[in-house]
Amino acid sequence: MPTSPDQPIIRVRDLVKKFDGRAVLDGVSFDVNRGETMVIMGGSGSGKSTMLRCMIGSLVIDEGTVELFGEDICSFTDEEQMNALRKRFGILFQSGALFNSMSVGENVALPLQEHTDLDPDIIATMVKIKLELVGLREHADKFPAQISGGMKKRAGLARALALDPQILFYDEPSAGLDPVTSAEIDQLMVDLTKKLGVTSVVVTHEMDSAFTIADRMAMFDKGRMMAVEAREWYEGLRDTPEAESAQLSYDHRLIRQFLRGDAKGPLTERKAASNYEEDLLGSAEPFENTPSVVSTRVSSLSGPIIDDEDDESNEGT
Ligand SMILES: Nc1ncnc2c1ncn2[C@@H]1O[C@H](COP(=O)(O)OP(=O)(O)O)[C@@H](O)[C@H]1O
Ligand SMILES: [Mg+2]
């Protein structure tokens, strides 16, 4: 069932996802509109990567619906239906997830060889076009071990673009990159969105990055979606003076603290409270569930995010 241009390209309703009986996403609803860049943000362990994996059909959800291109992916009865849909979106994982034994060009050619019947000549031309788009045309013959982290991301992006997807999903695209390279990747994402008219869904806890690329942002905290608003709304909240912030709701003060990276606020009060509880009772919510605040570009060197769709040991940023 094709969607009309003004219908949301992704629609999530009342989504609940549990791990071991614990709801990691608890009643999440939002839309992603055609052509926009939606940033999913929140602290470590807030459920961002899980949200992404539910949207790409790599996790089975417990309640609610996820619609892509107007199709309810939860209603699919066989894997073929999901595979057909997968050709219409691209995914950039944290590491770029390139095959080390293949050159950059071969990595980008792979989806075309697997999913199309195109002649090798045509595929070679398409690979050149994709590499040109990400600024890597000169580097087609290099192997992943021979290129920098930023170039690996670019190569991963070229591969994600191979089948001309309508949606691009990114999980922490700037993780592990230095500030300048990270800003370059942000700029590339903005340029590609403009040039190709793709819809992007970007998971990040990086504020600088979020404010550079987002049209709208969905803010997650402990599996709850606290707000989904335009970037300007978040800018307004971030810049609300201290004196006026006392009048904000608890949720808005919490988001404000996250956006500003302030040391004081609801996030730290909550952390302290759970610390006290732990002292008292010998148990508390694990710290990883408390959003860590990142106000400047900090290269996150720890923890895999998702290197491939089958990796269940997915924790960290
Ligand atoms: N496969 C899994 N099995 C059990 N728990 C998981 C699994 N994946 C994620 N979690 C838990 O779900 C919560 C949200 O994780 P995640 O979506 O990775 O957060 P984020 O990407 O925002 O850092 C965390 O508490 C994490 O430990
Ligand atoms: Mg994550």
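Conventions we followed
Residues numbered from 1 in each chain as written. Chains lettered and ligands numbered in written order. Predicted model: local features only at pLDDT ≥ 70, side-chain atom pairs only at ≥ 80, totals over all residues. Heavy atoms only, no water. Disulfide = S-S within 2.5 Å. Buried < 20%, exposed > 50% of the residue type's maximum accessible area, 1.4 Å probe, protein only. Pairing = 2+ DSSP bridges. Helix = DSSP H or I, 4+ residues; strand = E, 2+ residues; numbered from the N terminus. Axes fitted to C-alpha atoms, helices over the stretch in contact; angles between N-to-C directions. Contact = heavy atoms within 4.5 Å. Patch = residues over 30% accessible without salt bridge, like charges linked within 9 Å, V, L, I, M, F, W, Y side chains within 5 Å. Areas by Shrake-Rupley, 256 points an atom, 1.4 Å probe, with all protein chains shown as cover. Salt bridge = Lys/Arg side-chain N within 4 Å of Asp/Glu carboxyl O. Lys, Arg positive; Asp, Glu negative; His and termini not counted. Charge placed at Lys NZ, Arg CZ, Asp CG, Glu CD. Core = buried A, V, L, I, M, F, W, Y, C linked by side-chain atoms within 4.5 Å. Phe/Tyr/Trp six-rings, centres within 6.5 Å; stacked < 30°, edge-to-face > 60°. Polar contact = N/O pair within 3.5 Å; in protein donor to acceptor, adjacent residues only side chain to side chain. pLDDT = per-residue confidence, 0-100.

Undergrad: Explain the state of the cysteines to me, please; I cannot follow it from the model alone.
TA: Should the sulfur atoms of two cysteines be covalently bonded, the bond is a disulfide. Scanning the entire structure with this criterion turns up zero disulfides. Left without a disulfide partner, C74 is nearest to the cysteine sulfur of C54, which lies 8.6 Å away. Taking the relative accessible area as the measure of exposure, C74 reaches 39% and is therefore partly exposed.

Undergrad: What is the right way to look at the sheet that holds strand β10 (residues 224-230) in this model?
TA: Hydrogen bonds between backbone atoms are what pair the strands of a sheet, whose relative direction is either parallel or antiparallel. What the six strands build is an open sheet, ordered β6-β7-β8-β3-β9-β10; its pairing is mixed. Bordering the open sheet on either side are β6 (89-92) and β10, each of which pairs with just one other strand. For this sheet, the mean angle separating the axes of adjacent strands, direction not counted, is 15 degrees. Sheet strands in contact with helix α10 (residues 250-260) are β3 (37-42), β9 (216-221) and β10, and its direction is about 70 degrees off that of β10.

Undergrad: Just to check I follow, could you spell out the sheet that holds strand β1 (residues 10-19) for this structure?
TA: Here we have four strands laid out as an open sheet, ordered β2-β1-β4-β5, and antiparallel in their pairing. The sheet is open, and its two borders are formed by β2 (22-32) and β5 (71-72), each paired with just one other strand. The pairing of β1 with strand β4 (residues 63-68) spans five bridges and is classified as antiparallel. Across the sheet, residue I10 finds its bridge partner in β4, namely L68.

Undergrad: Where do I start with the pairing of β4 in this structure?
TA: Each regular strand shows side chains that alternate between the opposite faces of the sheet. As paired elements, β4 and β5 share two bridges and run antiparallel to each other. By the bridge assignment for β5, L68 is matched with E71. Taken together, β4 and the strand that follows it, β5, pair antiparallel across an intervening segment of two residues, in which F69 is found at a positive phi of about 50 degrees.

Undergrad: Looking at this model, I keep getting lost on a negative patch on the surface. Mind explaining?
TA: Judged by side-chain charge, D14, D26, D62 and E63 come together as a negatively charged surface patch. Taking the relative accessible area as the measure of exposure, D62 reaches 44% and is therefore partly exposed.

Undergrad: Help me out: how do you make sense of helix α1 (residues 48-55) in this one?
TA: Two residues of an α-helix separated by three or four positions point the same way, owing to the 3.6 residues in each turn. Within α1, eight of the eight residues are buried, which leaves the element mostly enclosed by the surrounding structure. Listed in full, the buried residues belonging to α1 are K48, S49, T50, M51, L52, R53, C54 and M55. Looking at the residues trailing α1, positive phi occurs at G57, about 75 degrees.

Undergrad: Would you mind going over the nonpolar core with me for this structure?
TA: As a rule of thumb, nonpolar side chains are buried together in soluble globular proteins. By size, the foremost hydrophobic cluster in this structure holds 49 residues, and its most contacted members are M41 and Y234. Setting aside anything within four residues of it in sequence, one finds Y234 in contact with M41, F211, M217, A218, M219, A227, V228, E229, I255 and L259.

Undergrad: I would appreciate a short explanation of the packing of aromatic side chains in the present structure.
TA: The description of an aromatic ring pair rests on the distance of the ring centres and on the angle between the ring planes. What the rule picks out here adds up to two aromatic pairs. Ring geometry for F89 and F169: centres 5.3 Å apart, planes at 85 degrees, overall edge-to-face. Taken together, the positions of F89 in strand β6 and F169 in strand β7 (residues 167-171) put the pair 80 residues apart, joining distant regions of the chain. Judged by its relative accessible area of 0%, F169 is buried. Ring plane angle 85 degrees and centroid distance 4.9 Å describe the contact between W233 and Y234, whose orientation is recorded as edge-to-face.

Undergrad: Can you help me understand unusual backbone geometry in this one?
TA: A positive phi angle, near 50 degrees, is found at D20, a position not held by glycine. Residue position: D20 is located in the loop between β1 and β2. The phi dihedral of F69 falls on the positive side, at around 50 degrees, and the residue is not glycine. If you trace the backbone, F69 turns up in the loop between β4 and β5.

Undergrad: Could you clarify how one ought to interpret the side chain of D221 in this entry?
TA: Relative to the helices and strands, D221 resides in strand β9. At 2.9 Å, the side chain of D221 and the side chain of R270 are in polar contact.

Undergrad: What is the right way to read the pattern of salt bridges from this model?
TA: Oppositely charged side chains can form a pair if their charged atoms are brought close together. Counted under the stated rule, the structure contains 15 salt bridges. Here D31 and R13 are joined by a salt bridge, their closest N and O atoms 3.0 Å apart. Of this pair, D31 sits in strand β2 while R13 sits in strand β1, placing them 18 residues apart in sequence. Overall, the relative accessible area of 27% leaves R13 in the partly exposed class. The salt bridge involving R238 is made with D239; its shortest N-O contact spans 3.0 Å. Given a relative accessible area of 49%, D239 falls into the partly exposed group.

Undergrad: Whenever I open this one, the confidence of the model for the protein confuses me. Can you help?
TA: One rule of thumb: low pLDDT means the predicted coordinates there are not for detailed reading. Chain-level pLDDT for the protein is 86 on average; 84% of the residues reach the 70-or-more range. Confidence drops under pLDDT 50 across residues 283-317; counting only partners more than four residues distant or on other chains, this segment forms 99 contacts.

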